[in-house]
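# Chain and residue survey
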Amino acid sequence: MFVPLTPLRCLHRAVDLFGNKIGVVSGDREFTYAQFGERAERLASALAKEGVRTGDRVAYLSFNTNQLLEGYYGVVQAGAIIMPLNVRLSPQELVAILNHSGAKVLIFENDFAPLVEKLRPLCPSIERYITTDDKIPAADLTYEELIDKGTPERADIFKIDEMSIAELFYTSGSTGTPKGVMHSHRTLYLHALSVGCLFKQLETMVDLHTIPLFHANGWGRPQSSTMNGVKQIMVRRFEPTAVFKLIAQHKATDMSLVPTMANALLNAPDRNDYDFSSMRTVMIGGAAGSPELMKRVEQLFANAECIAGYGLTETAPVLTSARKKSTVVPANDEERYQRQAMAGWPVPNVYLRVVDLEMNDVPRDMQSIGEVVAAGDHIMEGYYREPEATAAVMSGPWFHTGDMAVWDNEGYIHIVDRKKEIIISGGENISSLEVEKAIFAHPDVFECAVVAAPDEKWGEVPAAVVVRKPGSSLNEEGLIEFLSERLGRFKMPRQIEFTDEPLPKTGTGKIRKLVIKEKFWAGKARRVQGG
């Protein structure tokens, strides 16, 4: 029997099997899965009444809220494509994305009303502006008015084309111009199964949505948690004290963080004032973590395991996790943290290789560097309206991630750098991530970034921008002495800049290395590869 694969099956399962359970908590509002499902269905039929047709793009400008989570299902049930926007993009960037996508509807929070007023005259394709809050002049109607127009009608999944596009996520632009990544119904459902395989103790699991749902399909948690009837707590905006309170209040067991988020929690002054005993799993992704970071997080959340994961917007996104593997037994805690900080080994439904320029596998010796390529059930359908860009990242069934890595016979992948961020100094390849991890290991370092800087003799050399913890007197001499035991001489940063200002970041918490790199290359005729 053929049953189309669609994320709507995740919702139907939650409603049918966990209908009376509190499924979604958003601020002071709680919804059972039955209530949540009805709201999503009303949204679907209401959008159709407002003229939304199959394939139309419905954009969201919102933090994590129940309305955005409802869109993951309601917009999709309407046959349309949900397009959550990065709320930290500039007006110019948002206009470019909205016009490139041809979005028909924009659903937004009133926090963004001034921004929406700027967008309206510049985005002719948008026909409806809908606020999730109280009615304001910038909106045509409110979200509650919209769903009141709808009726609770369950989708007939047998009529769904599983290869049709359900989501459109624009990449962060941390390494260039944002591209619209298309994910089909099939991709999203199979990714939900893969991520769900990583969950533990489902009957008591409480998932804290710390990752913005506008980022890379919310790391797949909206579908996997719904499918498994997991209680989902919306973190509207990431702020350490708010996160601590939600963990203690709702006995959260799981959350996902980018390293900058984890670092913020670790350095929050009130981090020891709350009960974290419920926490079981902390996933680190979005950027490379370090063994020191894994250790510090486990020390803060004493009952939790902290592991890294790896993926891209183009892969829905999870490709690997550094979860325990029965055939790998670390000799000690140091080796265990090293394993947990790696990208890890593939999740179900994913094939990974590390290859050279001719697509030959590099030796599995944890020394030979190649590019990670991926194939499987949750690779994107392509970049929206960019067939040439899509073709450029595919070799037959293999998607080129642009990430450089080493691997071993156990299938563990360890990312050493982005292909565009490898520093080539005097003919030697230097991993900026390796240097960053060494710097971050210093107890006085709050955050850091390492980029290539121009050098007359070597072509380019590592340069570090370092943010010290408050009250620290760390200087260049002290840091170099610390690094001398951790890095070879050719890898040592030749320029170190200390700053009290936070490093520039994307809306998803990734450090914007292109911005930092420009400080060193401004006025130079040449740029390093990928700059």
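Scroll up a little and you will see the structure.
Rules used in this analysis
- Residues numbered from 1 in each chain as written.
- Predicted model: local features only at pLDDT ≥ 70, side-chain atom pairs only at ≥ 80, totals over all residues.
- Heavy atoms only, no water.
- 1 Å grid on protein atoms, 1.4 Å probe; cavity = no way out; pocket = protein on both sides within 12 Å on 5 of 7 lines; lining within 4 Å.
- Points joined across faces, edges and corners; volume = space filled by probe spheres on them.
- Helix = DSSP H or I, 4+ residues; strand = E, 2+ residues; numbered from the N terminus.
- Nonpolar A, V, L, I, M, F, W, Y, C, P; charged D, E, K, R; others polar.
- Buried < 20%, exposed > 50% of the residue type's maximum accessible area, 1.4 Å probe, protein only.
- Pairing = 2+ DSSP bridges.
- Right-handed = clockwise from strand over helix to strand, strands pointing away.
- Contact = heavy atoms within 4.5 Å.
- Salt bridge = Lys/Arg side-chain N within 4 Å of Asp/Glu carboxyl O.
- Core = buried A, V, L, I, M, F, W, Y, C linked by side-chain atoms within 4.5 Å.
- Phe/Tyr/Trp six-rings, centres within 6.5 Å; stacked < 30°, edge-to-face > 60°.

With that settled, the discussion passes to empty space enclosed by the protein. Evaluated as defined, the whole model comprises three cavities of 30 Å³ or more. If you add up the space inside the largest cavity, you get close to 60 Å³. Taken together, 12 residues make up the lining of the largest cavity; nearest its centre are Glu 421, Ile 423, Val 451, Ala 452 and Lys 517. If you list the elements that add at least two residues to the lining of the largest cavity, you get β25 (445-455) and α16 (513-521). Take the lining of the largest cavity: its biggest share by element is three residues, from β25. Its residues assigned to classes, the lining of the largest cavity comprises six nonpolar, one polar and five charged.

Another point: the pairing of strand β4 (residues 81-84). The two faces of β4 match: Ile 81 and Met 83 on one face and Ile 82 and Pro 84 on the other face are all buried. Bridge analysis of strand β3 (residues 57-61) against β4 gives four bridges, and the strand direction is parallel. For Ala 59, the partnering residue across the bridge sits in β4 and is Met 83. In this fold, β3 hands off to helix α3 (residues 66-77), which returns the chain to β4; that crossover is right-handed.

The residue Glu 305 is located in strand β14 (residues 305-311) in this model. The class of Glu 305 is buried, set by a relative accessible area of 12%. Residues within four places of Glu 305 in sequence aside, it is in contact with Lys 200, Arg 280, Thr 281, Val 282, Glu 298, Lys 324 and Gln 340.

With that settled, consider the pattern of salt bridges. With the rule as written, the count across this model stands at 29 salt bridges. As a salt-bridge pair, Glu 70 and Arg 39 come within 2.6 Å of each other at their nearest N and O atoms. Of this pair, Glu 70 sits in helix α3 while Arg 39 sits in helix α2 (residues 33-49), placing them 31 residues apart in sequence. Taking relative accessible area as the criterion, Glu 70 reaches 0% and is therefore assigned buried. Arg 39 sits in the buried class, given a relative accessible area of 10%. Among the salt bridges present, the one from Glu 497 reaches Lys 519, with a minimum N-O distance of 2.7 Å. Taken together, the residues Glu 497 in strand β27 (residues 495-499) and Lys 519 in helix α16 connect sequence positions 22 residues apart. Take Glu 497: its relative accessible area is 29%, and that puts it in the partly exposed class. Here the residues in one salt-bridge network are Arg 29, Arg 39, Glu 70 and Glu 144, joined through shared partners.

Further remarks concern helix α14 (residues 432-440). Within α14, eight of the nine residues are buried, which leaves the element mostly enclosed by the surrounding structure. Listing the buried residues of α14 in full gives Ser 432, Leu 433, Val 435, Glu 436, Lys 437, Ala 438, Ile 439 and Phe 440.

Ranked by internal contacts, the top residues of the largest apolar core, which has 45 residues, are Phe 36, Leu 43, Val 58, Tyr 60, Tyr 73 and Val 75. Listing elements by their share of this core, those giving two or more residues are α1 (8-18), α2, β3, α3, β5 (105-108), α6 (143-148), β8 (165-170) and α7 (185-196). Among the elements that make up this core, the one with the highest residue count is α2 (seven residues). What Tyr 60 contacts, discounting residues up to four positions off in sequence, is Leu 43, Gln 67, Leu 68, Gly 71, Val 75, Ile 82, Met 83, Pro 84, Leu 85, Leu 106, Ile 107 and Tyr 143. One finds Val 206, Val 235, Leu 246 and Met 279 within the second-largest nonpolar core, a separate group that totals 39 residues.

The subject of this paragraph is the layout of surface pockets. Size it by volume and the second largest pocket reaches roughly 840 Å³. Within the residue set of the lining of the second largest pocket, elements represented by two or more residues are α11 (291-300), α12 (333-340), β22 (413-418), β24 (428-430) and α14. Per-element accounting of the lining of the second largest pocket gives the leading share, four residues, to α14. Its residues assigned to classes, the lining of the second largest pocket comprises 15 nonpolar, five polar and six charged.

Evaluation of the coordinates by the stated rule reveals six aromatic pairs. A ring pair is formed by Tyr 33 and Phe 36, whose centres lie 6.5 Å apart and whose planes are at 85°; its orientation type is edge-to-face. Here Tyr 33 and its partner Phe 36 are both found in helix α2, three residues apart, which amounts to about one turn of the helix. Geometrically, the ring pair formed by Phe 244 and Tyr 274 is tilted, given 5.8 Å between the ring centres and 40° between the ring planes.

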